[in-house]
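Remarks on the overall topology
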Amino acid sequence: MQKTNILAILITLVLWSCNSSDDEYTAINEPLEFSVPSNFPEAIYDLESNPPTTIGFELGKKLFYDGRLSSNGFISCGFCHEQKTAFTHHGHQFSHGIDDLEGVRNTPAIQNTAFMKEFAWDGATNHLDLFPIIPITNEVEMGETVSNVLSKLKSDEEYQKLFASAFEDGEVNNENFFKALAQFMVMMVSADSKYDKYMRQEDGGTFTDEEKEGFAVFTNKCASCHTSDLFTDDAFRNNGLAPNPSLNDIGREEVSGDAADRHKFKVPSLRNVELTAPYMHDGRFGSLEAVLDFYSNSVTDSPTLDPILNQDGELGIALTENEKTTLLAFLGTLTDETYINDERFAEY
Ligand code: HEC
Ligand code: HEC
């Protein structure tokens with residue numbers, strides 16, 4: 001009996017040491033299942049041209065948290081996109097990156113990117129794979145060039161192995177670098193809030209009376225723009241924020257060159273909104289109360305103000321104190337604890 005045990009242990013040890021050898025390591029790469037939550041629309045990201053795999057995802061995650069993607073070796077994607085606040089830069093009105101330089105825009109959450117048509121507040125790109133070029137080359141964010149990043153990765157043995165296992169051609173090149181980062185972000189799905197459970201009639205999905213009332217107010221007064229279970233229609237709109245003269249951020253016009261797009265910004269998703277203060281493209285509001293006060297009292301007219309917010313000269317959205325209280329309760333149901341604690345997305 002004892003002999004068999006020792007033999008078994010020896011065999012296990014031999015197998016284990018084979019398993020952890022380099023050859024074995026390069027071989028195990030398996031498809032990762034991407035499933036669309038039943039209350040979500042179809043994914044937009046082209047999963048067939050870049051199907052997430054176990055090693056592609058791990059590589060993307062390592063890159064996401066690696067400061068070497070920046071010129072000073074310190075500013076990673078995760079520096080500004082922190083998991084505990086749904087991958088925003090909590091407490092920062094503007095993102096600050098390299099040498100503590102400040103940008104002009106508030107860091108949005110990263111979540112459900114597989115379901116989005118456009119990225120950034122002005123839709124600077126409509127392809128998730130291409131997005132990382134923007135922060136990497138931005139002189140106040142990561143201040144680096146993609147080719148420098150690639151040479152750093154090429155001289156790193158661990159990265160060589162990961163690229164070799166994750167992709168058919170095994171190359172450490174631009175295409176695979178962007179694909180890996182996208183695989184990581186595509187898998188970042190937030191769909192397990194109380195609201196989701198309510199919609200899917202799952203355990204834990206019971207709304208209080210206040211939350212139900214708030215949901216009704218939201219459906220009437222907010223859901224024309226914060227649409228569907230993604231809470232955005234992915235459109236660019238001017239919601240009546242008075243332009244900030246010191247920033248002079250013209251929003252969507254920057255990308256389209258069309259004056260009709262002046263001061264229009266992407267309608268942000270409201271998922272996890274309780275965690276993602278400050279609010280708006282320039283982070284001007286520190287609380288959700290301030291956001292609701294803005295919609296009821298301070299919407300500013302301009303040629304591009306969204307017509308929904310100007311009903312026969314009545315600017316903004318009329319909200320009673322009670323409606324505000326119930327709306328806040330409803331917005332709280334969009335917090336997804338599973339997402340912000342999911343170890344798959346956590347920095348090691
Ligand atoms: C210095 C802070 C900072 C760093 C570092 C940073 N980001 Fe961002 N991120 C931002 C800001 C600010 C925006 C909004 C940009 C805009 O609208 O112009 C943003 C927007 C995004 C978006 C768009 C989200 C949406 O809903 O539109 C994605 C995706 C993203 N970042 C991924 C990344 C990745 C990947 C990296 C690393 C390669 C990274 N970010 C590095 C601050 C940062
Ligand atoms: C006409 C379309 C429209 C309507 C109606 C609307 N919103 Fe918005 N909302 C937007 C746009 C556009 C932004 C981003 C504006 C910006 O940053 O310049 C925004 C931003 C927000 C933000 C900030 C989110 C963040 O991550 O910074 C919150 C919170 C919000 N809206 C809540 C609401 C609520 C609650 C209602 C209903 C009382 C509402 N909105 C109605 C278009 C709309």
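Residues numbered from 1 in each chain as written. Chains lettered and ligands numbered in written order. Predicted model: local features only at pLDDT ≥ 70, side-chain atom pairs only at ≥ 80, totals over all residues. Heavy atoms only, no water.

1. Details of the overall build of the chain
How we decide: Secondary structure follows DSSP: runs of H or I at least 4 residues long count as helices, runs of E at least 2 residues long count as strands, and numbering of each begins at the N terminus. Residue exposure (1.4 Å probe, protein chains only): buried if accessible area is under 20% of the type maximum, exposed if over 50%, otherwise partly exposed. Residue contacts are counted whenever heavy atoms from the two residues lie within 4.5 Å of one another. The accessible surface values rely on the Shrake-Rupley method and a 1.4 Å probe; as for residues, cover is taken only from the protein chains in view. Asp and Glu count as negative and Lys and Arg as positive, but His and the ends of the chain are not part of the count. Just so you know, the charge point we use is NZ for Lys, CZ for Arg, CG for Asp and CD for Glu.
For the chain, the count of helices and strands is 14 helices and four strands. Overall, the C-alpha framework of the chain stretches about 85 × 50 × 35 Å when taken along its three principal axes. Looking at the chain as a whole, 49% of its 348 residues qualify as buried. Contacts in the chain between residues at least 24 apart in sequence constitute 68% of all its contacts with a sequence separation of at least 6. Accessible area of the chain: about 17,300 Å², with a carbon and sulfur share of 53%. Positive and negative charge centroids in the chain, built from 25 and 58 side chains respectively, lie 1 Å apart.

2. Considerations on the site of ligand 1
Selection criterion: Think of it this way: one heavy atom of a residue within 4 Å of a molecule or strand is enough to make that residue near it. Under this definition, polar contacts are N or O atom pairs within 3.5 Å; protein pairs additionally need one hydrogen-donor-capable and one acceptor-capable atom, and for neighbouring residues in sequence, both atoms have to be side-chain atoms. The nonpolar class holds Ala, Val, Leu, Ile, Met, Phe, Trp, Tyr, Cys and Pro. Asp, Glu, Lys and Arg form the charged class, and all remaining residues, Gly among them, are polar.
Around ligand 1, the structure places 25 residues, and the nearest of them are Cys-77, Cys-80, His-81, Ala-120 and Trp-121. At a separation of 2.9 Å, a nitrogen atom of ligand 1 approaches a polar side-chain atom of His-81. In the environment of ligand 1, an oxygen atom lies 2.7 Å from a nitrogen or oxygen atom belonging to the backbone of Ala-120. A breakdown of the residues in the shell around ligand 1 according to their chemical character gives 15 nonpolar, seven polar and three charged.

3. Re the coordination of the iron atom of ligand 2
To keep it simple, the criterion reads: Donor atoms: N, O and S within 2.8 Å of the metal, or within 3.2 Å for Na, K and Ca. Because water is excluded, sites can look incomplete. Note on geometry labels: four donors, all angles 85 to 135 degrees, give tetrahedral; four donors become square planar and six octahedral when opposite donors are over 155 degrees apart and every other angle is between 65 and 115; remaining cases are irregular.
Bound to the iron atom of ligand 2 on the protein side are His-226 (NE2) and Tyr-295 (OH), at distances that span 1.9 to 2.1 Å. Coordination at the iron atom of ligand 2 is octahedral: its six donor atoms span angles of 83 to 180° at the metal. On the criterion of sequence distance, the pair formed by His-226 in the loop between α10 (209–221) and β1 (236–237) and Tyr-295 in helix α12 (residues 288–298) is long-range, its members being 69 residues apart. We note that His-226, like Tyr-295, is buried.

4. Quick notes on the nonpolar core
Just so we agree on the cut-off: As used here, the term nonpolar core means buried Ala, Val, Leu, Ile, Met, Phe, Trp, Tyr and Cys residues forming a set that is joined through side-chain atoms within 4.5 Å.
Leu-59, Leu-63, Leu-69, Leu-153 and Phe-177 are the most contacted members of the largest nonpolar core, which has 50 residues in total. Examining the composition of this core, we find that eight residues originate from one element, helix α8 (residues 174–186), more than from any other. Every residue in contact with Leu-153, bar those within four places of it in the chain, is listed here: Leu-63, Tyr-159, Phe-163, Val-172 and Phe-177. Among the nonpolar cores identified, the runner-up in size contains 28 residues, and Tyr-295, Val-299, Ile-317 and Leu-334 belong to it.

5. Focus on the pattern of salt bridges
To keep it simple, the criterion reads: Salt bridge, as used here, is a side-chain nitrogen of Lys or Arg placed within 4 Å of a carboxyl oxygen of Asp or Glu.
The full count for this structure, using the stated rule, is 21 salt bridges. The salt bridge partner of Lys-84 is Glu-82, with a shortest N-O separation of 3.0 Å. The exposure class of Lys-84 is exposed, given its relative accessible area of 57%. Note that Lys-152 is salt-bridged to Glu-144, the shortest N-O span being 2.9 Å.

6. Things to note about the coordination of the iron atom of ligand 1
You will see that the iron atom of ligand 1 has only one donor from the protein, His-81 (NE2), lying 2.1 Å away. Position of His-81 among the secondary structure elements: in the loop between α4 (77–80) and α5 (133–137).

7. Quick look at the site of ligand 2
In the region of ligand 2, 24 residues are neighbours, and Cys-222, Cys-225, His-226, His-281 and Tyr-295 sit closest. Here His-226 contributes a side-chain N or O atom positioned 2.9 Å from a nitrogen atom of ligand 2. Tyr-295 is positioned with one of its side-chain polar atoms (N or O) 2.6 Å from a nitrogen atom of ligand 2. A total of four residues in the shell around ligand 2 trace back to one element, the largest contributor, which is α12. Counted by class, the shell around ligand 2 contains 17 nonpolar, three polar and four charged residues.

8. What to know about the domain arrangement of the chain
We count it as follows: Per the annotation, domain bounds derive from an automatic or database assignment of domains. Note: buried area is the sum, over both parts, of the accessible area (probe 1.4 Å) each one loses when the two are combined.
If you check the domain split of the chain, you get domain 1 (41–189) and domain 2 (194–338). For domain 1 and domain 2, the distance between their C-alpha centres works out to 27 Å. On the side of domain 2, 26 residues touch domain 1, which itself brings 26 residues to the contact. Approximately 2,100 Å² of surface area, both sides summed, lies buried where domain 1 meets domain 2, with 54% of it carried by carbon and sulfur atoms.

9. What to know about the environment of Lys-324
Mapping Lys-324 onto the fold places it in helix α13 (residues 321–332). On the basis of relative accessible area, Lys-324 is assigned to the buried category, the value being 8%. Distance from Lys-324 to Asp-249, taken between C-alpha atoms, is 29 Å for residues 75 residues apart in sequence. Setting aside residues no more than four positions away along its own chain, Lys-324 makes contact with Leu-292, Asp-293, Ser-296 and Leu-319.

10. With respect to the UniProt feature "domain: Cytochrome c" (unreviewed entry) in the chain
Heads up, the rule is: UniProt positions are given in the numbering used here, feature names are shortened, and annotations may be inferred rather than shown by experiment.
The UniProt record annotates "domain: Cytochrome c" (unreviewed entry) at residues 209–335. Taken end to end, residues 209–335 has its terminal C-alpha atoms 18 Å apart, with 31% of it in helix and 6% in strand.

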